[in-house]
Structure formats: C-alpha cells, structure tokens
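# Working through the structure, step by step
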Amino acid sequence: MIVRVCDLGGTHCRIGHYVDGRLDAASVARFRNADYPSFAALMTHYHAGAGVAPADRLVIALAAPVTGDVVALTNLDWIIDRQEISRAVGVPEVFLINDFEALGHALSAPQALQSLSLQEGTQPASGTRLILGAGTGFNCAARLSDGSVAICEAGHSTFVTETDLDRALQARISQRHGRCSNDRVLSGSGLAEIYLTLCDLEGQTPRYATSQQVVPAALAQDDDLAVQACREFARMLGRAAGDLALVFLATGGVFVTGGMAHALQALMVGPDSSFLQAFRAKGRMTGTMETFPVHLVLDDNAALLGCHEFQTALSRPA
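Let me begin by describing the structure that accompanies this report. Small disclaimer: the values here were computed from a predicted structure and weren't measured.

### A few points about the pairing of strand S10 (residues 129-134)
- Among the 6 residues of S10, 6 are classified as buried, and the element is accordingly described as predominantly covered.
- Residues Arg129, Ile131 and Gly133 point to one face of S10 and Leu130, Leu132 and Ala134 to the other, with burial holding for every one of them.
- When S10 meets strand S11 (residues 138-143), the two strands line up antiparallel, connected through 6 bridges. What sits directly across from Ile131, in S11, is Ala141.
- Hairpin connection from S10 to S11: 3 residues lie between these consecutive antiparallel strands.
- Pairing of S10 with strand S13 (residues 253-257), which is carried by 5 bridges, proceeds in the parallel orientation. The residue bridging Leu130 from the neighbouring strand is Val254, located in S13.

### Looking at helix H7 (residues 211-219)
- Residues of H7 that are buried: Ser211, Val214, Val215, Ala217 and Ala218. Seen end-on, H7 carries its buried residues on one side only, within an arc spanning 170 degrees.
- The secondary structure elements touched by the buried residues of H7 are helix H6 (188-202), helix H8 (224-248) and helix H9 (259-263).
- Phi for Gln221, located one or two positions after H7, is positive at around 60 degrees.

### Brief notes about the layout of surface pockets
- In this structure, the largest pocket occupies an estimated 1,200 Å³ of space.
- Per element, the largest residue contribution to the lining of the largest pocket is 4 residues, and it comes from H9.
- When the residues that make up the lining of the largest pocket are grouped by side-chain class, the tally is 13 nonpolar, 21 polar and 8 charged.
- There is about 190 Å³ of room inside the second largest pocket.
- The leading source of residues in the lining of the second largest pocket is H8, at 6 residues.

### Section: the side chain of Asp7
- In this fold, Asp7 is placed in strand S1 (residues 2-8).
- One buried charged side chain, Asp7, makes no salt bridge at all; its nearest oppositely charged neighbour is Arg14, positioned 5.4 Å away.
- Setting aside residues up to four positions removed in sequence, Asp7 forms contacts with His12, Cys13, Arg14, Ala61, Asp99, Ala303 and Leu304.

### Considerations on unusual backbone geometry
- Residue Asp20 is not a glycine yet carries a positive backbone phi of 50 degrees.
- Position of Asp20 relative to the elements: it lies in the loop between strand S2 (12-19) and strand S3 (22-23).
- Despite not being glycine, Leu249 has its phi angle at roughly 45 degrees, a positive value.
- Topologically, Leu249 is positioned in the loop between H8 and S13.

### Structural notes on the side chain of Thr257
- Here Thr257 is to be found in strand S13.
- Residue classification places Thr257 among the buried positions, given a relative accessible area of 9%.
- Apart from the residues lying within four places of it in its own chain, the contact partners of Thr257 are Leu103, Ile131, Leu132, Gly133, Ala134, His262 and Val297.

### Quick notes on the nonpolar core
- Grouped together as the largest cluster of nonpolar side chains are 53 residues, with contacts concentrated most on Leu132, Leu237, Val256, Met268 and Phe275.
- Per-element tally for this core: the top contributor is H8, with 13 residues.
- For Met268, the residues in contact, after removing those within four places along its chain, are Leu118, Ala234, Leu237, Val256, Ala261, Ser273, Phe275 and Leu296.
- Of all hydrophobic cores here, the second largest spans 26 residues; its members include Ile15, Leu58, Val71 and Trp78.

### Digging into the pattern of salt bridges
- Counted under the stated rule, the structure contains 14 salt bridges.
- For Glu232, the salt bridge is made with Arg235, and the minimal N-O distance between the two is 2.6 Å. Highlighted residues: Glu232 and Arg235, both in helix H8, separated by 3 residues, approximately one helical turn.
- With a relative accessible area of 17%, Glu232 lands in the buried category.
- Residue Lys282 pairs with Asp243 through a salt bridge whose shortest N-O separation is 2.5 Å. Of the two residues, Lys282 sits in the loop between helix H11 (274-280) and helix H12 (286-289) while Asp243 sits in helix H8, which places them 39 residues apart along the sequence.
- On the basis of relative accessibility, which here comes to 32%, the residue Asp243 falls in the partly exposed class.
- A single network of salt bridges, built from pairs that share partners, joins Glu162, Asp166, Glu232, Arg235 and Arg239.

About the criteria used
Residues numbered from 1 in each chain as written. Predicted model: local features only at pLDDT ≥ 70, side-chain atom pairs only at ≥ 80, totals over all residues. Heavy atoms only, no water. Buried < 20%, exposed > 50% of the residue type's maximum accessible area, 1.4 Å probe, protein only. Helix = DSSP H or I, 4+ residues; strand = E, 2+ residues; numbered from the N terminus. Pairing = 2+ DSSP bridges. Arc of directions from axis to C-beta. Contact = heavy atoms within 4.5 Å. 1 Å grid on protein atoms, 1.4 Å probe; cavity = no way out; pocket = protein on both sides within 12 Å on 5 of 7 lines; lining within 4 Å. Points joined across faces, edges and corners; volume = space filled by probe spheres on them. Nonpolar A, V, L, I, M, F, W, Y, C, P; charged D, E, K, R; others polar. Lys, Arg positive; Asp, Glu negative; His and termini not counted. Salt bridge = Lys/Arg side-chain N within 4 Å of Asp/Glu carboxyl O. Core = buried A, V, L, I, M, F, W, Y, C linked by side-chain atoms within 4.5 Å.

So, in structure tokens, the structure goes:
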C-alpha cells in the first residue's frame, strides 16, 4: 500500500510517501508555496514528477483548523478542497488533518524522531506528551496516555507580559493588529518585532528587518541587539512551553519543533539557556518543571511520520 503524506505549512510544503509502512526517502521533496498559485497546482507538479507512483491514500497536514472538507490556511491565502485535490491527483482517499494533530500522532513513537535532549527530567515516558512549534506561526498538540491526540489553537491565546520589553512588544503588535497573541510573537515575524522593539527602547536605528537577517547576525555575534532579540525570543518560547506543559501536565515529555526553534538551536541548549530558565521559572512549581523531559525535535519529516501514524490508526480494528 502506498500512502502519500504532506506537511503543508504557511511557507513551505514537504511531500513524500510510505510504502508498506516505510518512508521512501527518495520520494521526499520540499517546495516553496510562493512558487505556486495554489496547493492543487503544487500537488499536480509533484505527481507529474518522474518516478512518482500512484497512491492509495493521501493525508495532508495543514497549518489551519480543520473542520470540514474545505479549509482556509491561517498564514497563507490558499483554500484546500479535499475533493478538488482528490480529482487533481487521482487519489481516491484524501484526509485533511491539522498539522499539529499530525505531530501529536508522531509522538506515538518519539524514539523514531531525531531529537536533542534539552532536559533529561525524571518523569516516566508513559504520560501525556506535548509537542509545540515556533515557525511561521505557533501552536501545540498533546498525545494523551490513552493514545488520543488533543489539538487546539494555542497560538491565538493572548501573549503574557512580565518584563518592560514584553509590555513594549505587546503595545507595538496590538497597535498594528488589535491584540497581541502568541502566534504574533513566537514566529519568524515575531522575532523581527522583538528586534525592532529593542531598537526602539535603546534608541538605535535598526540594521535588520526580518528574522532571516537577525538570526545569522546573532549567531555570528555581529550585533548585540540581534543577540539579545534571539535570547529574548528563546525566553518567551520557554515561558510559553512551560505554561503549556503545566496545562497538559506533560509528564511524558515536552517536544519543541519549528523553523525558529531549529534556527536558534545554539541558544536553546544548556542548563543556563534563557529557554530552560523561563521554562522552569514557575514559582512554587519550579521543582515540578525540572522533572519534565524536554527535547528539541530536529526531524524535518516529523509531520510526515504523524500523517502515516494517523492513517495507520484508521486501519486498526475498533
């Protein structure tokens, strides 16, 4: 059986297929969404490629809430129509799921994911597992101990403020968008806003306008405010991760993913990183926070694995 799997984010799309339960590494391809007028056009291009075998099923993980057969992406002006895609690529069974629902299903076998331990923890691995991601936007999902996956739209919850920078950032984003959510902050565009806010507070003219410019400058230690912006981003991400770990009581582990988390890996590791310090800083619950295992997921195909695990669960007897 050939199962086509697709991870469609706000910026990029990754497609591949599983053959008899194994990912065909040669089938995996990554595309820039901006290079195509629609998702149907992108999928048609992939299916027209040399050596692409017909599929029996197609599972698409979408960066959007999925409530029916037609879905509008959150951070991209695309409409995904399940029946249109089925006709365009000739796959009889097409399933649409939330991208973090897919990541939640991938946690059924976390040992299969390439990851880096940020905190060993002491909790047993059998409890609820939480995965959260900072990329084009922010969200999370939890795999409960009974194997079910709880999905949400945590990115659109209100950004919490504690410091003067937090409050200045909230005011800056709220003035433009009406409110300040975690999705606005814990994302690529959010890092740029943090940097620009720091420039305003320090009375300095910005040298950079995007996260693609800020991150390399920070990692190369070329700009003090770029370094500070990236450390503050890691702090804000750690604080949100700790809050969500408490909400879901993620004793089975906290897994962090997403393009921004990957890009800032050098600032995420180590017991003194701003990420871990903020993750643990929960007052009377600080001791509990130190017991949660925390991992940085480096596996680019995690959502593809989750798509496969989702469809595998469909095939199991009730």
